[in-house]
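So the chains spell out like this:
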Amino acid sequence: MATCLISAGRLRNLRRTTTARHSYCSSLTCGRQNVNGVDLYYEKTGTGKHAVVLLPGALGNTKTDFQPQLKSLNKDVFTVVGWDPRGYGLSRPPDRDFPLDFFENDARDAVDLMRTLGFVKFSLLGWSDGGIAALIAAAKNPALINKMVIWGSNAFVSQQDLDIYKAVCDVSTWSTRMRAPMEEVYGAEVFAKTWEAWVNGIEQFAHRPQGNICIDLLPLIRCPTLIIHGEKDPIVPSCHPYFLLKHIRGSRLHLMPDGKHNLHLRFPEEFNNLVEDFLQERQND
Ligand code: TYC
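Values in this document were obtained by computation on a predicted structure and should not be read as measured data. In every chain, residue numbers begin from 1 and rise along the written sequence. Under the rules for a predicted model, residues below a pLDDT of 70 receive no local features and side-chain atom pairs below 80 are neither given nor counted, while totals for whole chains, interfaces and linings still include all residues. Remark: hydrogens and water are excluded; side-chain values derive from all non-hydrogen atoms of the structure.

### Some thoughts on the overall build of the protein
Rules: The way it works is that DSSP assigns letters per residue, a run of H or I at least four long becomes a helix, a run of E at least two long becomes a strand, and they are numbered from the N terminus. The globule rule used here is 2.2 Å times the number of residues to the 0.38 power, and the radius of gyration it is set against is calculated over C-alpha atoms. Categorising residues by exposure relies on relative accessible area from a 1.4 Å probe, with only protein chains included: less than 20% of the type maximum marks a residue as buried, more than 50% marks it as exposed, and the intermediate range marks it as partly exposed. Each accessible area is a Shrake-Rupley estimate made with a 1.4 Å probe; only the visible protein chains count as cover when residues are assessed. When charges are counted, neither His nor the chain ends are considered; positive counts come from Lys and Arg and negative counts from Asp and Glu. Here the site of a charge means NZ on Lys, CZ on Arg, CG on Asp, or CD on Glu.
Helix and strand content of the protein: eleven helices and nine strands. Over its C-alpha trace the protein gives a radius of gyration of 18 Å, about what one expects of a compact globule, namely 19 Å for 285 residues. Dimensions of the protein, computed from C-alpha atoms along their principal axes, come out at roughly 50 × 50 × 35 Å. Here the protein holds 285 residues, and 54% of them are scored as buried. Of the roughly 13000 Å² that the protein leaves accessible, carbon and sulfur atoms contribute 50%. Of the side chains in the protein, 32 bear a positive and 31 a negative charge, and the two mean positions are spaced by 6 Å.

Next comes the structure, spelled out in structure tokens:
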């Protein structure tokens, strides 16, 4: 199993470009890389030619968001990089904040991390907030991005979204099952405070015309794009994937009837197969 058992303290002590390798799991390496002034934690697995970077959701990180992908995506075909965005997971310090350009910053960090690790061209797999960062990264770096898969993502914030944010803002109302993985990473208090800061951060977009997060960038996306949506997703209304489908040229939408927001964790085999097939498809252009 591709579990990375290395303490946060030890990782913090690793020098900028040092990579920790695990004797019990030869295909997974963990390390920290200084990117745009922050030591970003990352995990890399596989030896395939096709490089893929995983972009986690809000407050998410390799540990909470992508274990089934790091473990099971085909290691002969892909080299998969998971990372913790600045202020999330093991990429702390700094504490996380949410200025209006936080998605742009995550997009830039993801791209710069991949380039610093030596990848010339790569694909993006972005979940939820990570999908928003992926959309921005693809729009701004068309020459670097091979393909993109996004799920649970939105290019704008509507009144309906604001109502949902309000309903999930206080994490003490969440089930223990939902809260536990994040509390394990951050501690209960920091998690509650950072989540509230995230809600305030995403609500800022509602003050912009159309609640714009990245609507204006969608026409710039050139890479083949697969949008996945769980039809039972309770927090991202289906208007969002349909909007992305309409505005991203040549994109495709795959609906998972029983999928909720965490469809890639709940149905990892189906999800991974879908992604592998899409990434390996030959383009007829
Ligand atoms: N975007 C959040 C993430 O990245 C998930 C989320 C979506 C949370 C909608 C609340 O109302 C919400 N995981």
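### Notes on the side chain of Arg92
The test is simple: Any carboxyl oxygen of Asp or Glu within 4 Å of a side-chain nitrogen of Lys or Arg constitutes a salt bridge here. We define a polar contact as two N or O atoms separated by no more than 3.5 Å, with the added condition that, inside protein, one atom must be a possible hydrogen donor and the other a possible acceptor, whereas residues neighbouring each other in sequence contribute only through side-chain atom pairs.
Note on placement: Arg92 falls in the loop between strand S5 (78-83) and helix H4 (102-116). For the buried Arg92, no salt bridge is present, and the opposite-charge side chain at shortest range is Asp95, 6.2 Å distant. At 2.7 Å, the side chain of Arg92 and the backbone oxygen of Gly89 are in polar contact.

### Section: the environment of Lys49
Relative to the helices and strands, Lys49 resides in the loop between strand S3 (38-45) and strand S4 (50-55). Placed 130 residues apart in sequence, Lys49 and Arg179 show a C-alpha to C-alpha distance of 37 Å.

### Quick look at the site of the ligand
What counts is decided by this rule: A molecule or strand has a residue near it when one of that residue's heavy atoms lies within 4 Å.
In the vicinity of the ligand, the residues found are Gly57, Ala58, Ser128, Asp129, Ile164, Tyr165, Val168, Trp198, Ile235, Val236 and His261. One of the backbone N or O atoms of Ala58 is found 2.7 Å from an oxygen atom in the ligand. A total of 340 Å² of accessible area belongs to the ligand in isolation, and the protein chains cover 93% of it. Among the elements that make up the shell around the ligand, the one with the highest residue count is helix H6 (residues 159-168) (three residues).

### Some details on the pairing of strand S9 (residues 252-256)
Under the convention used in this document: Any two strands with at least two DSSP bridges between them are considered paired. Here a crossover is taken to be right-handed if, once the strands point away from the viewer, the path from the first strand over the helix to the second is traced clockwise.
As paired elements, strand S8 (residues 225-230) and S9 share five bridges and run parallel to each other. Counted as the bridge partner of Gly230 is Met256 from S9. Assessed by its sense of winding, the connection that carries the chain from S8 through helix H9 (residues 239-247) to S9 is right-handed.

### Quick notes on the state of the cysteines
Worth spelling out the cut-off: Cysteine sulfur atoms are paired as a disulfide whenever they fall within 2.5 Å.
This model, assessed by the stated rule, comprises zero disulfides. Cys223 provides the cysteine sulfur closest to Cys214, a residue in no disulfide bond, and the two sulfurs are 13 Å apart. Taking the relative accessible area as the measure of exposure, Cys214 reaches 1% and is therefore buried.

### Quick notes on the nonpolar core
How we decide: What makes a nonpolar core is a set of buried Ala, Val, Leu, Ile, Met, Phe, Trp, Tyr and Cys residues whose side-chain atoms join them at distances within 4.5 Å. Between two residues, a contact is recorded if the distance between any of their heavy atoms is within 4.5 Å.
Within the largest apolar cluster, 62 residues are counted, with the highest numbers of intra-cluster contacts made by Leu59, Phe122, Leu124 and Trp198. Counting residues per element, this core draws most heavily on helix H5 (residues 129-140), at eight residues. Among residues more than four places away in sequence, those in contact with Leu124 are Val53, Leu55, Ala134, Ala137, Ala138, Ile145, Lys147, Met148 and Val149. In this structure, Met256, Leu274, Val275 and Phe278 belong to the second largest nonpolar core, which totals 20 residues.

Read these as layout, nothing more, since geometry by itself doesn't imply function.
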